[in-house]
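What follows is each chain in one-letter form.
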Amino acid sequence: MGSESGRVKRGEQSRISQWLRRRPKPAPEDPAAARQELLLAVAAAGLPIAPAAHPVGYRCSCDRVGCPTPARHPVSFAWQTQSTTDRAQIERWTRDQPQANFITATGMVHDVLDVPLEAGRSALERLLAAGIEVGPVAESGGTDDQARMLFFTATRGTPEDEDEWWPCELDCHPETMDEHPGLRWHCRGSYVLLPPAALPGDFAVSWLRDVSHPLPDPLTLLETLTDACAAYAGTAARTPAAVAWPLGR
């Protein structure tokens, strides 16, 4: 009886081994498909998107000589009207422009509070510890002065008095990065680069918290982000390297 039971068990193990060998191995995730799904999730959340430039080595794919924001800007000057949440259009873009990054136009459905990466990490930790609802958050890589954290929020909305509304260019535009090293509020007339995006120098834009998180009121985050940026600016001003770098040129 014992030997018969042993033969049965060995036979079962043999059949299981054969089945495991015959079973098709799961295919590795297709990066293009994964990227498309992330972009479609953004569109499904109501955030309009449009194609952007991409890196070519350390340069930008656009024809602009000395592009000030390589791989960080829309392909078309009509990006505001081109931005869409239409699934079929986004699928065409990702199929026809496989290397393209994508931007999302702010001030329609959402705004973005854009802060230095170090300040953003400190603020995010404080916000979560305080139990404050934080929406989607992205991290944009780069050199120390370029790395940023993006807090996606609900838009300010359209005020009854149009004079109370200002376009983003008045205080923060994507191409005025050096003029606004602290907090930038992307609202009407602006955009930010969407994850997943590739940047020159093997940097990237990626989600820390994706669009499954509801968009919060920007004012619930603003004080903490402002305080973190002020602390970051004070630390940078006291760092000897921050002074020595331009003097050494």
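Report follows, based on the coordinates. Here the structure is a predicted model, which is why all the values come from computation and not from measurement.

A large share of strand 7 (residues 148-154) lies buried, amounting to 6 of its 7 residues. Sheet topology places strand 5 (residues 110-116) next to strand 7; 7 bridges connect them, and they run antiparallel. Counted as the bridge partner of H110 is A154 from strand 7. Relative to strand 7, strand 6 (residues 137-140) runs antiparallel, the two sharing 4 bridges. By the bridge assignment for strand 7, A138 is matched with L150.

Before going further, it helps to spend a moment on helix 5 (residues 117-129). Between its first and last C-alpha atoms helix 5 spans 18 Å; for 13 residues at 1.5 Å apiece the expected length is 18 Å, and the two agree. Residues of helix 5 that are buried include every one of L117, A119, G120, A123, L124 and L127, and no others. Along the axis of helix 5, the buried residues cluster in a sector spanning 145°; they form a single face. Across helix 5 from its buried face, at more than 90 degrees, point the exposed residues E118, E125 and A129. Just downstream of helix 5 lies G131, where phi reads positive at about 75°.

The next point concerns the environment of S140. As for its placement among the helices and strands, S140 is situated in strand 6. Taking the relative accessible area as the measure of exposure, S140 reaches 5% and is therefore buried. Separated by 53 residues in sequence, S140 and L193 have C-alpha atoms that sit 8.4 Å apart. Every residue in contact with S140, bar those within four places of it in the chain, is listed here: R72, Q146, A147, R148, L199, A204 and V205. Within the local environment of S140, its side chain forms a polar contact with the side chain of R72, the two groups lying 3.2 Å apart.

Overall, antiparallel pairing links the 3 strands, which are arranged 1-4-9 in an open sheet. Of all strands in the sheet, those bounded by a partner on one side alone are strand 1 (49-52) and strand 9 (191-193). The mean inter-strand angle of the sheet, taken between neighbouring strand axes irrespective of direction, is 35°. Note: strand 4 (residues 101-105) against strand 9, 3 bridges, orientation antiparallel. Bridge pairing in strand 9 places A105 opposite Y191. Lying on the sheet, helix 4 (residues 87-96) is in contact with strand 1 and strand 4; it crosses strand 1 at an angle near 10°.

A separate point is the packing of aromatic side chains. This structure, assessed with the given rule, holds 3 aromatic pairs. For the ring pair W93 and F102, a centre distance of 6.2 Å and an interplane angle of 45° mean the geometry is tilted. Considered together, W93 and F102 belong to a single accessibility category, that of buried residues. On the numbers, 5.1 Å between centres and 55° between planes, the contact of F152 with W207 is tilted. Residue F152 is found in strand 7, and its partner W207 is found in strand 11 (residues 203-209); the two are separated by 55 residues along the sequence. Residue classification places W207 among the buried positions, given a relative accessible area of 16%.

Cut-off values and rules
- Residues numbered from 1 in each chain as written.
- Predicted model: local features only at pLDDT ≥ 70, side-chain atom pairs only at ≥ 80, totals over all residues.
- Heavy atoms only, no water.
- Buried < 20%, exposed > 50% of the residue type's maximum accessible area, 1.4 Å probe, protein only.
- Helix = DSSP H or I, 4+ residues; strand = E, 2+ residues; numbered from the N terminus.
- Pairing = 2+ DSSP bridges.
- Expected span 1.5 Å × (residues − 1).
- Arc of directions from axis to C-beta.
- Contact = heavy atoms within 4.5 Å.
- Polar contact = N/O pair within 3.5 Å; in protein donor to acceptor, adjacent residues only side chain to side chain.
- Axes fitted to C-alpha atoms, helices over the stretch in contact; angles between N-to-C directions.
- Phe/Tyr/Trp six-rings, centres within 6.5 Å; stacked < 30°, edge-to-face > 60°.

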